[in-house]
Structure formats: structure tokens, C-alpha cells
Amino acid sequence: MTLPPDFTLLQVVPELETGGAEQTTIDVAQAVVRAGGKALVATRGGRMAARLEADGGRMAQMPVQSKNPLVMLGNAARLVDLIRKEKVTLVHARSRAPAFSALWAAHATGTPFIATYHGVYKAKSNLKRWYNAVMTRGDLVIANSDYTRDHVLAEHALSPDQIVSIPRGVDLDRFDPRVVTPARIAALREAWGLKPGDPRTTFLLGGRLTRIKGHLSIIAAAAKLKARGREDFVIIFAGDDQGRTGYREEVEGAIAAAGLVDHIKVVGHCDDMPAAYLLADVAMLPTIVPESFGRAAVEPQAMGRPVLASNHGGVTETVLPGKTGWLVKVDDAEAWSLAIAKAIDVGPEKRAKMGVTAANRARQLYSAEAMCNATLAAYERVLAARAGKTG
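Residues numbered from 1 in each chain as written. Predicted model: local features only at pLDDT ≥ 70, side-chain atom pairs only at ≥ 80, totals over all residues. Heavy atoms only, no water.

## Thoughts on the overall build of the protein chain
Move 1: The helix and strand inventory of the protein chain stands at 15 helices and 13 strands.
Move 2: Dimensions along the principal axes, computed over C-alpha positions, put the protein chain at roughly 70 × 45 × 35 Å.
Move 3: Excluding contacts between residues fewer than 6 apart, the proportion of contacts in the protein chain whose partners are at least 24 apart in sequence is 70%.
Move 4: Roughly 16,400 Å² of accessible area belongs to the protein chain as shown, and the carbon and sulfur atoms make up 53% of that amount.
Move 5: Seen as two clouds, the 49 positive and the 40 negative side-chain charges of the protein chain have centres 3 Å apart. (Helix = DSSP H or I, 4+ residues; strand = E, 2+ residues; numbered from the N terminus. Contact = heavy atoms within 4.5 Å. Areas by Shrake-Rupley, 256 points an atom, 1.4 Å probe, with all protein chains shown as cover. Lys, Arg positive; Asp, Glu negative; His and termini not counted. Charge placed at Lys NZ, Arg CZ, Asp CG, Glu CD.)

## Some words on the sheet that holds strand 3 (residues 58-61)
Move 1: Reading across the sheet, the 7 strands line up as 3-2-1-4-5-6-7 and stay open at both edges, with parallel pairing between neighbours. This sheet does not close on itself; its edge strands, each paired only once, are strand 3 and strand 7 (163-165). Across the sheet, the mean angle separating the axes of adjacent strands is 25° when strand polarity is ignored.
Move 2: With 3 bridges connecting them, strand 6 (residues 140-143) and strand 7 associate as parallel partners. In the sheet register, Val 141 faces strand 7, and the bridge partner there is Ile 163. (Pairing = 2+ DSSP bridges. Axes fitted to C-alpha atoms, helices over the stretch in contact; angles between N-to-C directions.)

## Description of the packing of helix 8 (residues 215-227) against helix 13 (residues 333-345)
Move 1: Relative to each other, helix 8 and helix 13 sit at 65°, their axes nearing to 8 Å. When the interaxial angle is binned, helix 8 and helix 13 end up roughly perpendicular. As helix 8 runs across helix 13, the sense of the crossing is right-handed. Together, Ser 217, Ile 218, Ala 220, Ala 221, Lys 224 and Leu 225 of helix 8 and Ala 333, Glu 334, Trp 336, Ser 337, Ile 340 and Ala 341 of helix 13 make up the contact between the two elements. (Parallel < 35°, antiparallel > 145°, perpendicular 65-115°, else oblique. Left-handed = near helix turned anticlockwise from the far one by under 90°.)

## As for helix 6 (residues 146-155)
Move 1: Residues Thr 148, His 151 and Val 152 constitute the buried set of helix 6. Along the axis of helix 6, the buried residues cluster in a sector spanning 100°; they form a single face.
Move 2: Summarising the contacts, the buried residues of helix 6 are in contact with strand 5 (113-117), strand 6 and strand 7. (Buried < 20%, exposed > 50% of the residue type's maximum accessible area, 1.4 Å probe, protein only. Arc of directions from axis to C-beta.)

## Observations concerning unusual backbone geometry
Move 1: At Lys 87, a position not held by glycine, the phi torsion is positive, near 50°.
Move 2: Here Lys 87 lies in the loop between helix 3 (69-86) and strand 4 (90-93).
Move 3: Positive phi outside glycine occurs at Gln 242, with the angle close to 50°.
Move 4: On the basis of relative accessibility, which here comes to 34%, the residue Gln 242 falls in the partly exposed class.

## Let's talk about helix 11 (residues 295-302)
Move 1: The buried fraction of helix 11 is high, at 8 of 8 residues.
Move 2: Within helix 11 the residues assigned to the buried category are Arg 295, Ala 296, Ala 297, Val 298, Glu 299, Pro 300, Gln 301 and Ala 302.
Move 3: In the segment just after helix 11, Gly 304 is the residue with positive phi, at about 85°.

## Quick look at the pairing of strand 6
Regular strands place side chains that alternate from one sheet face to the opposite one.
Move 1: Alternating positions in strand 6 separate into two faces, Leu 140 and Ile 142 on one and Val 141 and Ala 143 on the other, with burial throughout.
Move 2: Crossover handedness for the path strand 6 to helix 6 to strand 7: right-handed. (Right-handed = clockwise from strand over helix to strand, strands pointing away.)

## Digging into the side chain of Arg 96
Move 1: Tracing the backbone shows Arg 96 in helix 4 (residues 96-109).
Move 2: Of note is the side chain of Arg 96, whose polar atom sits 2.7 Å from the side chain of Asn 132.
Move 3: Every residue in contact with Arg 96, bar those within four places of it in the chain, is listed here: Tyr 121, Lys 128, Tyr 131, Asn 132, Val 134 and Met 135. (Polar contact = N/O pair within 3.5 Å; in protein donor to acceptor, adjacent residues only side chain to side chain.)

## Details of the environment of His 107
Move 1: Tracing the chain through its elements places His 107 in helix 4.
Move 2: Here the alpha-carbon distance between His 107 and Asp 173, two residues 66 residues apart in the chain, equals 38 Å.

## Structural notes on the packing of helix 3 against helix 4
Move 1: Close contact between helix 3 and helix 4 brings their axes to 8 Å; oriented N to C, the two are set at 45°. As the angle between them shows, helix 3 and helix 4 are arranged oblique. Here helix 3 and helix 4 pass one another in a crossing that is right-handed. Of the residues in helix 4, those in contact with Met 72, Leu 73, Asn 75, Ala 76, Leu 79, Val 80, Ile 83 and Arg 84 of helix 3 are Ala 97, Phe 100, Ser 101, Ala 102, Trp 104, Ala 105, Ala 106, Ala 108 and Thr 109.
Move 2: Residue composition of the contact of helix 3 with helix 4, by class: 13 nonpolar, 3 polar and 1 charged. (Nonpolar A, V, L, I, M, F, W, Y, C, P; charged D, E, K, R; others polar.)

Here is the structure:
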């Protein structure tokens, strides 16, 4: 991908802790640097900032996560200074609150502005719809799935040619079974208290510990399995509670009350998700709110693991029922118990075949490289349109 000479991208994202928007920010910054440009990220900071800078990007630390109007105005002024000082070519916002500051700064400096819808933002009032619409007020909108694109078009007075769907990419260099050593898997097994040679089918729910991820549905489903006399499963909840100690305690209490301490383990944040997926036999994504894309359904498929996912949102585009996984009725403990049982009963050979199909499809459709190329092409499209207007 060829970028204009002296191309400088400024992405604006609340923080760089963990999540799809944050990972995509890092991936695109790396792609811009590889293409010969400069990549800046205005953010509060976080654990992923070190990777940004290791990839050749630079962080401009400021409180862009704030929704305080006075702080947002201050951020706009800071961004104007940054845009002028660094001669920024294009501004790309990835969340609503910082998008206001970024849009104001872009307008003040005459800089092209793009926003990515990383989620499906609900609006129960005209005020909330106006707030959400900040993401549509630039030169182009990027949606992270067709599901998200359809939602944006239904919610806002936007021409279809003003929005492009670019599926979120997965780092296929990182999520590659060939590069994960047995030692990495063994280290996780030991850390999580799983015995080598445990014959039970292992399920992994990878994602932050928050109610919308559906942990309680899985606990209820597991309780039904146990009530039927099934002991042939172990489920791992791997994810940071991000300060939600009350919810974590609720989850751990529900596990204990159901007598499932030997069947469900809450292990906290995991830094090595590729190894975690290889440790598991099946991945889970039992979200009770639709995921706009569902990276946690694609990453395990890239690692050759079938997925059990809630039947809504973007995952209906990424999981093929019976071929790469199974789609399950949302927040339905009985349906999930039957689906878990089915995933166990098809056996390792069938799961392995599904995993091969899943990996091939993920590598074809959802590479970070494909996502980055499409994003850089969107940048070129916007710059060409701006040049045509001023030419």
C-alpha cells in the first residue's frame, strides 16, 4: 500500500489496555509505519502502549477517555496543537467521547476525519442518537462488520457510500498454532491447576469479566449438565475483571453454590491467549449482548478450535454452524447445556476437522493484514476525495 509522502496518522482511542478497538489501533499504527508513514495515538495510555512504541508508533498521552465537557474542550485544544506540530495528515477516532474532541480539532485544522464504529451503540433518546452520531460526521465511517454497518445505516441519515465495512483483523503471526511451544501450554496448564492428561473436554471463555460476556449463563448450563450426571468437562473463564470485583465475586459465588468448583475455573487475565486456545478443545462466546464483530470467536478459529457462540451479532458472520462451530440461543441455560454436551459428544476427531475448516476460513477472511490494507485504502480514498474538492 502506497501512502502519500510524509503521511502522518493520528488515531484517538480512550486507552490502550485491552480489547478489539485497542488491538486494531496497534495493528493499523504498525501498518502505517511499515508503509513509510508516521503513526501517533492520542490516548490515556495502558498496558499496550509499550507494543505501540516497539512497533515504531508514538503515544501522545492525554485524558481523551473523559466525558467531562471541560476536559473534552481541553483535549480538543491539545489535539489542535498536536495536529499542527506533527503536521498530521488524517485523524481517525475510535470511540465516541474522544471523537468529539478529535472532530473539533480536525475541523479547526482542516484535517480529514474518519471514525470507526467498533460497537453497536444503542440510542433510546434523540440526545443519545445525537451523541452517537458524532462518529458519522467525518469524511468516512468504517464499520467493523456488516452487522454494524447495517445498524449504522438504520440509525443515522447516512448515505451507503459514506460507510465501508472492514472486518476486524486477527494477528495471524501471533495466532498461529505452529509458533506456540509445548512449554507455553504446559505453563498455563500448571498456572490454572489443570492436570496433564485430564480426559475431560476443556472449554475456554476468553474475555473481560463483565456481565455481558455471559459467564452466568455458562454456570447455569454447567449446573444442568452436572445434574444429568455429566462430569466430563472443565470450563476456564480467562479475563480481567477490570475493577469489577462485585461481578467477579458474584461469578465465584454462583460457581461455589452450584458445586462446580472442580468444573469451572476463574483464572484472571491471560497474556498468552494463543497458548490458551491450544490448551482448550472448544472456545466459548456466550455474550448476552450482540458483539459487533466478535474477535474472541475468530482468534480461536485461527488456532484451529471450533467455537460455541451466542446466535446474534457479528459472530453470525464468522461462525458457520456445524462447520466451524455452533450458534446457540442467547442467555438460554438449557440450550447452552445441550450445545456443550454436543461439543463434547462429537469427539476429538470431529472437533479437529472443524478446527481445520475454521482455521482456513479465518486465515482467508480475517487477517490483520487484510484489515490494515483495507483501512489504508480507505485513508487514500478520503485523501483523494479531499484533493479533488480542493483541486
